[in-house]
Amino acid sequence: MEFQFILVEPNYAANIALISLNRPKELNALNLQLMLELKQALAELDGQDEVRCIVITGNEQAFAAGADIKQMESKNPIDLLKIDQFETWDQIRKTKKPIIAAVSGFCLGGGCELAMTCDMIIASETAKFGQPEIKIGIMPGAGGTQRLTRAVGKALAMEMVLTGKFISGEEAQKAGLVNKVVPVEVYLDEAVKLAKEIAQLSPIAVRLAKESVLKAFDSGLQEGLFFERKNFYMCFASEDQKEGMSAFVEKRKPDFKGK
Ligand code: CAA
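What comes next is a walk through the structure. Predicted model only: the values in this text are computed from it and were never measured.

### Quick look at the overall build of the protein
If you tally the helices and strands in the protein, you get 12 helices and 10 strands. Whereas a compact globule of 259 residues would reach a radius of gyration of roughly 18 Å, the protein reaches 19 Å, a difference of no more than 12%. Along the longest, intermediate and shortest principal axes, the C-alpha atoms of the protein span 60 × 40 × 40 Å. For the protein, buried positions account for 45% of its 259 residues. Sequence separation of 24 or more characterises 67% of the internal contacts of the protein that already satisfy a separation of 6 or more. Carbon and sulfur atoms make up 57% of the accessible area of the protein, which totals about 13900 Å².

Structure (structure tokens):
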């Protein structure tokens, strides 16, 4: 997969793939082309059985400093409606395989929204999370007001969205936004390690479990519990369930085939 603004590196031996946002001079500002490429890469990787978990990263300086302000500056509402750029973002949410964001440096605006759309976030000690749209006369538009509020609660979300203040990786972890904060030298390794760990498990159970956790965000408790139960029953249609349970009983390591 060859792209202009992202690098895609599958590691089929480890059943994972790494996507790196690659507009370093612009701090990985998310222009339309980059997001289209990300959508295509995710759809492609989601369809490959050899890939079981995906890591999205930027570079040490920036995960992404937001949607591309220069590209948006002259747009009117009808332009935005026609471009319908957030439709592209929906692919991230629709990806069935788990996605881990490995974040260092600026993770702002659309960049923070992209990271929050992933399933887990590993941050470096230099990470800065924020929704600074208010400072340029707009507000978050790719899920920031919803996902940030669900992750960190109303008080901090309001403060971040209404003032544009940044929080550090450590603060983000305390608030429940990120899974782990590690030194900058190892944030990507940590994310890859986590991806490899998940990639060794049954991809069927992982897919159903991810779907069920996400359901908690868009349903009431009863509906979510019912959805979870159906997915739990569905796991028992897989060979992986038999393999996992036999391996436990036989005291050996399971070999999950995704069947
Ligand atoms: N869009 C376009 N270009 C951007 C950008 C963005 N979001 N963020 C940074 N850049 C560009 C800068 O224009 C600059 O380019 P030039 O060298 O050509 O001038 C280059 O990246 C480096 O940036 P700075 O010189 O500003 O670097 P800095 O270290 O002084 O500051 C920063 C870093 C605090 C992140 C600052 O760049 C900044 O505030 N960026 C904008 C952050 C922002 O407002 N993000 C929200 C965007 S709107 C959005 O995302 C909407 C949505 O919900 C989808």
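Next comes the rest of the write-up.
### Focus: the pairing of strand β5 (residues 99-103)
Within β5, 5 of the 5 residues are buried, which leaves it mostly tucked inside the rest of the structure. Across the two faces of β5 the burial is the same, with Ile99, Ala101 and Val103 and Ile100 and Ala102 all buried. Bridging between strand β3 (residues 53-57) and β5 involves 4 bridges; their strand directions are parallel. Paired with Thr57 across the bridge in β5 is Ala102. Bridge count between β5 and strand β7 (residues 120-124): 4 bridges; the pairing is parallel. By the bridge assignment, Ala102 is partnered in β7 with Ile122.

### Section: the nonpolar core
Formed by 44 residues in total, the largest nonpolar core has its most connected members in Ile19, Ile56, Phe63, Val103 and Phe129. Top contributing element to this core by residue count: helix α1 (residues 32-46), with 6 residues. In this structure Val103 touches Phe63, Ala115, Ile121, Ile122, Ala123, Ser124, Ala127, Phe129 and Tyr187, once residues within four positions along its chain are discounted. Counting residues in hydrophobic clusters, the runner-up holds 18 residues, among them Ile100, Ala191, Val192 and Leu194.

### Some thoughts on the site of the ligand
Around the ligand, the surrounding shell holds 24 residues, and the nearest of these are Ala67, Ile69, Gly110, Glu113 and Gly141. At a separation of 2.8 Å, an oxygen atom of the ligand approaches a polar side-chain atom of Glu113. The side chain of Glu133 places a nitrogen or oxygen atom 3.0 Å from an oxygen atom of the ligand. Elements with a contribution of two residues or more to the shell around the ligand: α2 (69-72), β6 (106-108) and α5 (110-117). With 3 residues, the single largest contributor to the shell around the ligand is α2. Class assignment for the residues of the shell around the ligand results in 14 nonpolar, 4 polar and 6 charged.

### Examining the pattern of salt bridges
Enumeration according to the criterion identifies 13 salt bridges in this entry. A salt bridge links Lys180 to Glu190, with the nearest nitrogen and oxygen atoms 3.0 Å apart. Taken together, the residues Lys180 in strand β10 (residues 180-182) and Glu190 in helix α9 (residues 187-199) connect sequence positions 10 residues apart. Judged by relative accessible area, Lys180 falls into the partly exposed class, the value being 34%. Three or more residues are tied together by salt bridges with common partners; here these are Arg23, Glu26 and Asp68.

Rules used throughout
- Residues numbered from 1 in each chain as written.
- Predicted model: local features only at pLDDT ≥ 70, side-chain atom pairs only at ≥ 80, totals over all residues.
- Heavy atoms only, no water.
- Helix = DSSP H or I, 4+ residues; strand = E, 2+ residues; numbered from the N terminus.
- Rg over C-alpha atoms; globule rule 2.2 N^0.38 Å.
- Buried < 20%, exposed > 50% of the residue type's maximum accessible area, 1.4 Å probe, protein only.
- Contact = heavy atoms within 4.5 Å.
- Areas by Shrake-Rupley, 256 points an atom, 1.4 Å probe, with all protein chains shown as cover.
- Pairing = 2+ DSSP bridges.
- Core = buried A, V, L, I, M, F, W, Y, C linked by side-chain atoms within 4.5 Å.
- Near = heavy atom within 4 Å.
- Polar contact = N/O pair within 3.5 Å; in protein donor to acceptor, adjacent residues only side chain to side chain.
- Nonpolar A, V, L, I, M, F, W, Y, C, P; charged D, E, K, R; others polar.
- Salt bridge = Lys/Arg side-chain N within 4 Å of Asp/Glu carboxyl O.

Function cannot be inferred from these measures alone, as they are strictly geometric.
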